[in-house]
There are 2 protein chains.
Amino acid sequence: VHAIGIDIGGTKVAGALVTEAGDILRLERRPTPAGDPAAIVDVVVELVRELGDGEQVVAAGVAAAGFIDAAQSTVYYAPNINWRSEPFRDRLSDRLPGLDITIDNDANAAGWAEYRFGAGRGTTDMTMLTIGTGVGGAIVTNGRLLRGGFGAAGEIGHLRVVPGGHPCGCGQKGCIEQYGSGRALMRFAGEIADAGGIGQSLARARAANDGVLDGAIVARLIEDDDPGARAALRELGDWLGQACASIAAVLDPQVFVFGGGVASAGDRLLDPVRESFLAHLPARGFHPEPGFLAAQLVNDAGVVGAADLARIHAGGPAESASADPVTAAE
Amino acid sequence: VHAIGIDIGGTKVAGALVTEAGDILRLERRPTPAGDPAAIVDVVVELVRELGDGEQVVAAGVAAAGFIDAAQSTVYYAPNINWRSEPFRDRLSDRLPGLDITIDNDANAAGWAEYRFGAGRGTTDMTMLTIGTGVGGAIVTNGRLLRGGFGAAGEIGHLRVVPGGHPCGCGQKGCIEQYGSGRALMRFAGEIADAGGIGQSLARARAANDGVLDGAIVARLIEDDDPGARAALRELGDWLGQACASIAAVLDPQVFVFGGGVASAGDRLLDPVRESFLAHLPARGFHPEPGFLAAQLVNDAGVVGAADLARIHAGGPAESASADPVTAAE
């Protein structure tokens, strides 16, 4: 039986018809009518109807950035949609009778897809960090998505790593998002460019781009093994490893999975993360250590995860079901 | 059907016969033969036989400080027993045939008791901090004890709050254990005594005790509302609130429960913790906020939790069962 996953992004709404094995049968995209809640409901309803047309569909899951309540029903706050305490599920259910509908945070949906069908497959406890403009997170414990008591768990980007550190969009200071994100990578690269020495290629590339370092420039220099760009990435990895050491003390995952644009640097990022993690791990040597892996479902993880979570909510295989029966969760 | 809980402490081994409702029917204590693993097995076997004599017992759970594997079978490391990778469950099962035996970390067992029968009752997501000499932790998510992928989850005392901060026994620096424990309270109190002013009572009490501030002295001054002792406790609460803000971003519990000797100060500790938490909470106002409660099962939580976890392992009511059916976990 298929399920539909919808992912409401800042610029586009993606929708997919997804099988129980996590395969996408049909994929559609629409521009996001940002800031217009009624139009967003229209787009989601339209996508669900189109994708389900002539198919046997059991459920539809919708993923969006922001805080969703633990009952997967109400949007407390969604920056892209400009919503506050919106009964999103009811609005959709009214127009899509007979379909089991759930709402989830977009990072949680993408992380769940990675757990079920990607790098986290076969584990019971996975922590995923998504390194994009910011730092997103998703946590699986005991084979289940950790939503938390109020639906706001997994906001790993707001773990504090420096008291009184860089101001963060969340209103606090020193969050790992300010030291481990793509934006932080640009800051580190700019500092290295300013310092001269190994930063000369970065400085030249910046000058040639009207004085601005952007993600594409730094990514290309990383791929070319430019010493300055690699040093900036190592600084990022060092901070992320420190955050993972604190997370391991609390969550003890079997595996940390890194997704998002910056994580496409692969081992160039993961090696310094792992090294820093081991240097900062409490009680190292007294218990087993987690693995560090790159995400496998780079595109469309959000729609796949949203569909799978919706199918589980509608009474499919238990949420703890692993895609690998041999190492299935207890 | 009853279960037996055993708690191996640094100085004594406690054992209890516990009902499904968490009531203790019989309680026994023996001195801990510290550093003598074979004698510890003897004491546990003896206690289980005595407590179970003439009773219908389904399972026995043993709690100990240290790292226990996720299968609740092997002790990776236990400081009180001087064990490394010891197959503790098998050693006990060989001598107690027919009984379902499990091993758990002592802080996890105590936290589980608090969740099932104490301050965490009726929630699905609880984080407990035990403020004693150190800072212990226990986490319940989705109505289940969070053991982690390798059994080492819930070591909240080793969340880092200050990069390069005070050295910690875990080998790292700046762990919350160095800023939020009973030992940290003594350090803060000593600094306030040194500074004069509101520290004069602390300084006098210290001089009268051969120059040493101990827990009993500081606790008495806190109870007497001495300004210096209260300031030390506020400093402790401020750090603990900062740690809870990071924990909330990751775990989003419905309730933080504070146990251990220092938490017996009640609201004198919880008020500054809550105040600091709200000042440091990421994205405050965009999602609901947790409660802060003092633990209710001050004594014998370890044996009650160990017995309950063992009963659940043996196939009693699901681990997610809440003691309050109205608000039971999903």
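Each remark here, short or long, concerns the structure printed above.
It should be emphasised that the depicted structure is a prediction, and the values quoted were computed from it without experimental measurement. (Residues numbered from 1 in each chain as written. Chains lettered and ligands numbered in written order. Predicted model: local features only at pLDDT ≥ 70, side-chain atom pairs only at ≥ 80, totals over all residues. Heavy atoms only, no water.)

**A word on the nonpolar core**
Part 1 of the reasoning: Formed by 102 residues in total, the largest nonpolar core has its most connected members in A:Leu236, A:Phe258, B:Leu236 and B:Phe258.
Part 2 of the reasoning: What A:Phe258 contacts, discounting residues up to four positions off in sequence, is A:Leu129, A:Ile131, A:Leu240, A:Cys244, A:Ala263, A:Leu270, A:Val273, A:Phe292, A:Leu293, A:Ala294 and A:Ala295. (Core = buried A, V, L, I, M, F, W, Y, C linked by side-chain atoms within 4.5 Å. Buried < 20%, exposed > 50% of the residue type's maximum accessible area, 1.4 Å probe, protein only. Contact = heavy atoms within 4.5 Å.)

**Considerations on the environment of B:Gly66**
Residues and elements named next belong to chain B.
Part 1 of the reasoning: Turning to its location among the elements, Gly-66 is positioned in the loop between β4 (57-64) and β5 (67-68).
Part 2 of the reasoning: A relative accessible area of 15% means that Gly-66 is categorised as buried.
Part 3 of the reasoning: Here the alpha-carbon distance between Gly-66 and Ala-107, two residues 41 residues apart in the chain, equals 9.3 Å.
Part 4 of the reasoning: In this structure Gly-66 touches Tyr-77, Ala-78, Pro-79 and Asn-105, once residues within four positions along its chain are discounted. (Helix = DSSP H or I, 4+ residues; strand = E, 2+ residues; numbered from the N terminus.)

**Thoughts on the interface of chain B and chain A**
Part 1 of the reasoning: Every contact between the two is made by 50 residues of chain B and, on the other side, 50 residues of chain A.
Part 2 of the reasoning: Both sides together, the interface formed by chain B and chain A hides about 4300 Å², and carbon and sulfur atoms give 56% of it.
Part 3 of the reasoning: Our count for the chain B to chain A interface comes out at zero salt bridges.
Part 4 of the reasoning: Here chain B and chain A share 29 residue pairs in polar contact (both at pLDDT 80 or more) between them.
Part 5 of the reasoning: When contributions to the side of chain B that touches chain A are tallied by element, the ones reaching two or more residues are β6 (75-78), β10 (135-141), β11 (144-145), α8 (227-251) and α9 (267-280) of chain B.
Part 6 of the reasoning: Sorting elements by how many residues they give to the side of chain B that touches chain A places α8(B) first, with six residues.
Part 7 of the reasoning: Considered class by class, the residues forming the side of chain B that touches chain A number 27 nonpolar, 14 polar and nine charged. (Buried area = accessible area lost by both parts, 1.4 Å probe. Salt bridge = Lys/Arg side-chain N within 4 Å of Asp/Glu carboxyl O. Polar contact = N/O pair within 3.5 Å; in protein donor to acceptor, adjacent residues only side chain to side chain. Nonpolar A, V, L, I, M, F, W, Y, C, P; charged D, E, K, R; others polar.)

**Thoughts on the relation of the copies chain B and chain A**
Part 1 of the reasoning: Between the two copies, chain B and chain A, the superposition gives an RMSD of 0.0 Å; the rotation angle is 180° and the shift along the axis is 0.0 Å. These values place the two chain copies in the arrangement generated by a two-fold rotation axis. (Least-squares fit on C-alpha atoms with pLDDT ≥ 70 in both.)

**Description of unusual backbone geometry**
Residues and elements named next belong to chain B.
Part 1 of the reasoning: Positive phi, normally seen in glycine, also occurs at Ser-85, with a value near 50°.
Part 2 of the reasoning: When you line up the elements, Ser-85 lands in strand β7 (residues 83-86).
Part 3 of the reasoning: In the Ramachandran plot, Asp-252 falls in the positive-phi region, its phi being about 50° despite a non-glycine side chain.
Part 4 of the reasoning: Structurally, the position occupied by Asp-252 is in the loop between α8 and β12 (255-259).

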